[in-house]
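# Notes for the structure review
As a plain string of letters, each chain reads:
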Amino acid sequence: AVVSTQSTGSCNFQSCLKRNFIAENARKAKAAPIRVDPMKIHDREVAKKKEEVTKSYQRGTVPDYLKERVSQWKEEERQRIANLPDPTVPEGHVVMDQKEKEETLSVLIKSKERLVTQLQNMPLRNDTLRLHNTRNELESKLSEIDDAIKIFSRPRVFIKQE
């Protein structure tokens, strides 16, 4: 029951002297994978990402997200100002549209012309009470229309809200 040295992996003194342990260790060292500290790997990746960011960064230019944010602020400010009530408009009133104002003014001018022609067609003498009352009535309507024309000739006309 003699056990051979080759099967057990142990060596006798003579065979151990012939082995070159340094060369064996060198071969094993070359074949072994290199183990690197995970923190060093992470640090290298972070440095690489930082380098890529600095390469793509353009100095002196405003980033797009800031440009978008500034335009958003301007839009919000414009909407805020648009929603503020006009301080020149009295409370409970609204400004009349330009188109509507012009239409009203043209109607008033036409009715003034009609009243003036009626007044001119009347006789000069007011002999009867009916002629006298009609003339006074036409003149009062004419003065009302003149006042309304003055009002609607202004640059801004305010209408009372209901």
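The rules behind these values
Residues numbered from 1 in each chain as written. Predicted model: local features only at pLDDT ≥ 70, side-chain atom pairs only at ≥ 80, totals over all residues. Heavy atoms only, no water. Helix = DSSP H or I, 4+ residues; strand = E, 2+ residues; numbered from the N terminus. Rg over C-alpha atoms; globule rule 2.2 N^0.38 Å. Buried < 20%, exposed > 50% of the residue type's maximum accessible area, 1.4 Å probe, protein only. Contact = heavy atoms within 4.5 Å. Areas by Shrake-Rupley, 256 points an atom, 1.4 Å probe, with all protein chains shown as cover. Lys, Arg positive; Asp, Glu negative; His and termini not counted. Charge placed at Lys NZ, Arg CZ, Asp CG, Glu CD. Core = buried A, V, L, I, M, F, W, Y, C linked by side-chain atoms within 4.5 Å.

### With respect to the overall build of the protein
Across its full length, the protein holds seven helices and two strands. Counting helices and strands in the order they occur from the N terminus, the protein gives α-α-α-α-α-β-α-α-β. Taking 2.2 N^0.38 as the reference for a compact globule, 162 residues should give roughly 15 Å; the C-alpha atoms of the protein span a radius of gyration of 52 Å, well beyond that estimate. Judged by the C-alpha coordinates and their principal axes, the protein covers about 165 × 40 × 25 Å. The proportion of buried residues among the 162 residues of the protein is 10%. Taking the contacts inside the protein whose residues are at least 6 apart along the sequence as the reference set, 68% of them involve residues at least 24 apart. For the protein, the computed accessible surface area is about 14800 Å², with 56% contributed by carbon and sulfur atoms. Averaged over its 31 positive side-chain charges, the protein has a centre that lies 15 Å from the centre of its 25 negative ones.

### Remarks on the nonpolar core
Counting residues in each nonpolar core, the largest one holds twelve residues, listed as M96, L108, L115, L119, M122, L138, L142, I145, A148, I149, F152 and V157. For this core, the elements supplying multiple residues, two or more each, are α6 (98-121) and α7 (129-152). Counting residues per element, this core draws most heavily on α7, at six residues. Those residues in contact with M96 that sit more than four places away from it in its chain are K101, T104, F152, V157 and I159.

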